[in-house]
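Descriptive structure summary
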Amino acid sequence: MTWTARVLTLVPEMFPGPLGHSLIGRALEEGRWRLEVRNIRDVATDRHRTVDDTPAGGGPGMVMRADIAGAALDAAGADLPVVYLSPRGRPFDQERARALAAGPGVTLLCGRFEGVDERVLEARAVEEVSLGDFVMTGGEIAAMALIDATVRLIGGVLGNADSTVEESFAGGLLEFPHYTRPTEWEGLRIPEVLLSGHHGRIADWRRSQAERLTRERRPDLWRAHLAQAGRGDPDGEAELSDAHTTAATGGHEKDAGDEPDR
Ligand SMILES: C[S@@+](CC[C@H](N)C(=O)[O-])C[C@H]1O[C@@H](n2cnc3c(N)ncnc32)[C@H](O)[C@@H]1O
């Protein structure tokens, strides 16, 4: 069965949008994944096709009605896990993307207004997933981000599957810095080790850079990484790699007189 993203939205015209372009769009055209977009308003039965109402208990905005969201989910079928994009949800991450990519697909409920009546989330055992600690006007852009991150992990979608093995989060670390030609740009040279052709030293340097960046930028990931490596370190101060001398120089070197990495 082809991996399927089934999107329930009040703004179906937003799709495929960015999902119709580049690698993901080509994979869609080639039938490596399917996109089904359903207008939630199609299940509304009254003359005005109403989908929302004022919040019980008062307050600003409108709430998507439980009978509407429930009917839209029921019409979508029960063959796929259901995710409601919501700032209250568990933060989406690479691990969740991998788990979803390994399954048959996902049904994504996109909220608008103040969100969806809570009863439908409970009654249909809907998982809430957040894109981050900020509030957008609707769930569509979050749904697109989730789909993009997930579909690229499906076999055959990316030309080079190796690129998902070494990238950020794959081993619990942020990715090392990349460089390409020209060798020198505005007086900044590519770190010599990367030009050495010595695969072992290059791998060591990349590893130490990944550790340095993770330690500096994401202490939460660094602590989890240390814990997994059996090196508990509540302050995140510990270092793992032996290749620190190169890590300490940062990502690049000024040209004049700089010592090459040893
Ligand atoms: C204006 S928001 C509702 C925010 C809600 N009243 C709250 O404070 O949690 C409207 C819709 O946008 C989507 N949305 C907004 N921010 C999001 C985020 N960070 N992650 C995922 N979905 C989000 C959700 O589907 C939500 O129902």
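Quick caveat: nothing in here was measured; it's all calculated off a predicted structure.

With that settled, the discussion passes to the site of the ligand. Near the ligand there are 20 residues, and of these Y84, L85, G111, F134 and M136 occur at the shortest range. Contacts to the ligand include L131, whose backbone N or O atom sits 3.0 Å from a nitrogen atom. At 2.9 Å, a backbone N or O of M136 approaches a nitrogen atom of the ligand. When the ligand sits alone it has 580 Å² of accessible area, and the protein chains cover 84% of it. Mapped onto the shell around the ligand, the elements with two or more residues apiece are β5 (82-91) and β7 (127-130). The element that contributes the greatest number of residues to the shell around the ligand is β5, accounting for four residues.

Moving on, we get to helix α5 (residues 140-151). Between the first and last C-alpha of α5 there are 16 Å, a value that for twelve residues agrees with the 16 Å anticipated at 1.5 Å per step. For α5, the tally of buried residues reaches nine of twelve residues, placing the bulk of the element in the interior. All buried positions along α5 are accounted for by E140, A142, A143, M144, L146, I147, A149, T150 and V151.

This part takes up the pairing of strand β1 (residues 3-9). Among the seven residues in β1, seven count as buried, and that is most of the element. Along β1, one buried face is formed by W3, A5, V7 and T9 and the opposite face, lined by T4, R6 and L8, is buried too. By the bridge criterion, seven bridges tie β1 to strand β2 (residues 33-39) in an arrangement that is parallel. From the neighbouring strand, L8 faces β2, where its bridge partner is R38. Viewed along the sheet, the connection from β1 through helix α1 (residues 22-29) into β2 turns out right-handed. As defined by bridge partners, β1 adjoins strand β6 (residues 105-110) across five bridges and the pair is classed as parallel. Bridging across to β6, T4 finds its partner in G105.

A few words on the sheet that holds β2. Ordered by their spatial adjacency, five strands build an open sheet running β2-β1-β6-β5-β7, and the pairing between neighbours is parallel. One side of each edge strand has no neighbouring strand; the edge strands of this open sheet are β2 and β7. The sheet shows a mean angle of 35° between the axes of neighbouring strands, taken without regard to direction. For β5 and β7, the ladder comprises five bridges, and the chain directions are parallel. In the sheet register, L85 faces β7, and the bridge partner there is V129.

Attention now moves to the packing of helix α8 (residues 199-217) against helix α9 (residues 219-228). Between α8 and α9, the least distance of the axes is 6 Å, while the angle of their chain directions is 125°. Viewed along their axes, α8 and α9 adopt a mutual orientation that is oblique. Between α8 and α9, the contacting residues are R207, E211, T214, R215 and R217 on the first element and P219, L221, W222 and H225 on the second. Its residues placed into classes, the contact of α8 with α9 shows three nonpolar, two polar and four charged.

What counts as what
Residues numbered from 1 in each chain as written. Predicted model: local features only at pLDDT ≥ 70, side-chain atom pairs only at ≥ 80, totals over all residues. Heavy atoms only, no water. Near = heavy atom within 4 Å. Polar contact = N/O pair within 3.5 Å; in protein donor to acceptor, adjacent residues only side chain to side chain. Areas by Shrake-Rupley, 256 points an atom, 1.4 Å probe, with all protein chains shown as cover. Helix = DSSP H or I, 4+ residues; strand = E, 2+ residues; numbered from the N terminus. Expected span 1.5 Å × (residues − 1). Buried < 20%, exposed > 50% of the residue type's maximum accessible area, 1.4 Å probe, protein only. Pairing = 2+ DSSP bridges. Right-handed = clockwise from strand over helix to strand, strands pointing away. Axes fitted to C-alpha atoms, helices over the stretch in contact; angles between N-to-C directions. Parallel < 35°, antiparallel > 145°, perpendicular 65-115°, else oblique. Contact = heavy atoms within 4.5 Å. Nonpolar A, V, L, I, M, F, W, Y, C, P; charged D, E, K, R; others polar.

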